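Architecture at a glance
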Amino acid sequence: MTQAPTPTADTVHRLVRSLLAEGGGGTGGPDVRPVTDDREHTWWVGGRHVLRLAPDRDASVRRRRELRLRDLVRPQVPVAVPVSVAHGDWAPGLAYTLDTRVPGGTADEHDVSAAGEADLAGLLGGLRAVPARQAEALGVPRTAPRSLEALRRMAVHAAARLAAADEFDAARMRQLTPSGAARLAAQPGTAVLTHHGLTGAHVVVSADGRVRGVLDWTAAAVGDPAEDIAGLAVAVGSPAAVRAATLAGYGARPCLRGLWLARCDTVVRLTGRLEGRTGGSPTLLRAQLARAWEPILLERVTDLKEDAAEP
């Protein structure tokens, strides 16, 4: 198998100069710099654009699909979805897209206000309004819901190791029993289009707490809506995520399912990082764990029959 090339600064500058007329010809052009040191395939281009280079052919397929999906989603949601001003191949078979930059910070930097929670509700409701068949016709995959009970068992073992390292109170996992996990299994016929990659870095938040946009739609899937509720719990905190999902029309079952997916995921991820099996910033993973485990009133709900009337 041929190894994919690694983009150099010179590669990126030449590509940018060929796409944008800013700054004149020659060796000039807009300022180009990596978004972060550990993301060698994503670059800021001036103050208005971001260049993303697919590192392999699978990522190229997702990037090309994303272009079509964003056009489908954009009319349905109240927040900005990046627009591509140029796209093509930066190396044989490897895609690039030059997107507009959505102004604002990230959910890791700014708290979401009540108005921002309404923005998130509009996002969740808008995704549910997108016809799943249209998304699948673009190549968006359909994914089966995860087993919360299997994830719970993994999280119980991980929590015990975190407790031994004085990182977490393992007794908190007792709130989710095997019977509780079974009651929170995904319900048939509830699959919707999901972003499936909602993280603090992908949710753009302004200083006033409004949600201004959502980035990176390459992981989108038709599947369990609780996955996006879980993503928001990790990104903006469980209370804000559940309030947004409730405003979007979701009942207790998907909200609680999303809450516990997030809680179990964050326990497992932090354990994996501290034991050297996975990557990621321990500081960020601890912050995500804290957000997912913020208490909410809904987690004490035991009667879920009202969800039978959900759309």
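About the criteria used
Residues numbered from 1 in each chain as written. Predicted model: local features only at pLDDT ≥ 70, side-chain atom pairs only at ≥ 80, totals over all residues. Heavy atoms only, no water. Axes fitted to C-alpha atoms, helices over the stretch in contact; angles between N-to-C directions. Helix = DSSP H or I, 4+ residues; strand = E, 2+ residues; numbered from the N terminus. Parallel < 35°, antiparallel > 145°, perpendicular 65-115°, else oblique. Left-handed = near helix turned anticlockwise from the far one by under 90°. Contact = heavy atoms within 4.5 Å. Nonpolar A, V, L, I, M, F, W, Y, C, P; charged D, E, K, R; others polar. Pairing = 2+ DSSP bridges. Expected span 1.5 Å × (residues − 1). Bend = angle between axes of the 7 residues up to and from the residue. Polar contact = N/O pair within 3.5 Å; in protein donor to acceptor, adjacent residues only side chain to side chain.

Running from N to C, helix α7 (residues 226-236) and helix α8 (residues 238-247) point in directions that differ by 140°, and their axes come no closer than 7 Å. With respect to their mutual orientation, α7 and α8 come out oblique. The interaxial crossing formed by α7 with α8 has right-handed handedness. Here α7 contributes I229, L232, A233 and V236 to the contact with α8, which in turn contributes S238, A240, A241 and A245. Counted by class, the contact of α7 with α8 contains seven nonpolar, one polar and no charged residues.

Here we take up the pairing of strand β2 (residues 42-45). Both strand β1 (residues 32-34) and β2 contribute to a ladder of three bridges, which runs antiparallel. Bridge pairing in β2 places R33 opposite W44. Direction of pairing for β2 relative to strand β3 (residues 49-53): antiparallel, over a ladder of four bridges. Across the sheet, V45 pairs through a bridge with H49, a residue of β3. Where β2 folds back on β3, the antiparallel hairpin that results is connected by three residues, among which G46 adopts a positive phi of roughly 60°.

The next thing to look at is the sheet that holds β3. Ordered in space as β1-β2-β3-β5-β4, the five strands form an open sheet in which the pairing is antiparallel. Two strands in the sheet have a free side with no partner beyond their single neighbour: β1 and β4 (84-91). Taken pair by pair, the neighbouring strands of this sheet meet at an average axis angle of 25°, ignoring direction. Pairing between β4 and strand β5 (residues 94-100): six bridges, direction antiparallel. By the bridge assignment, A91 is partnered in β5 with L94. Contacting β3, β4 and β5, helix α2 (residues 57-73) runs over the sheet at an angle of about 35° to β5.

With 17 residues, α2 extends 24 Å from end C-alpha to end C-alpha; this agrees with the ideal 24 Å at 1.5 Å per step. Where α2 bends most, the angle comes to about 25°, and this point is L67. Those residues of α2 hidden inside the fold are in contact with β3, β4, β5, α3 (114-129), α4 (132-137) and β7 (192-194). Two to three positions downstream of the cap, the backbone nitrogen of D58 sits 3.2 Å from a side-chain oxygen, assigning the N-cap of α2 to D56.

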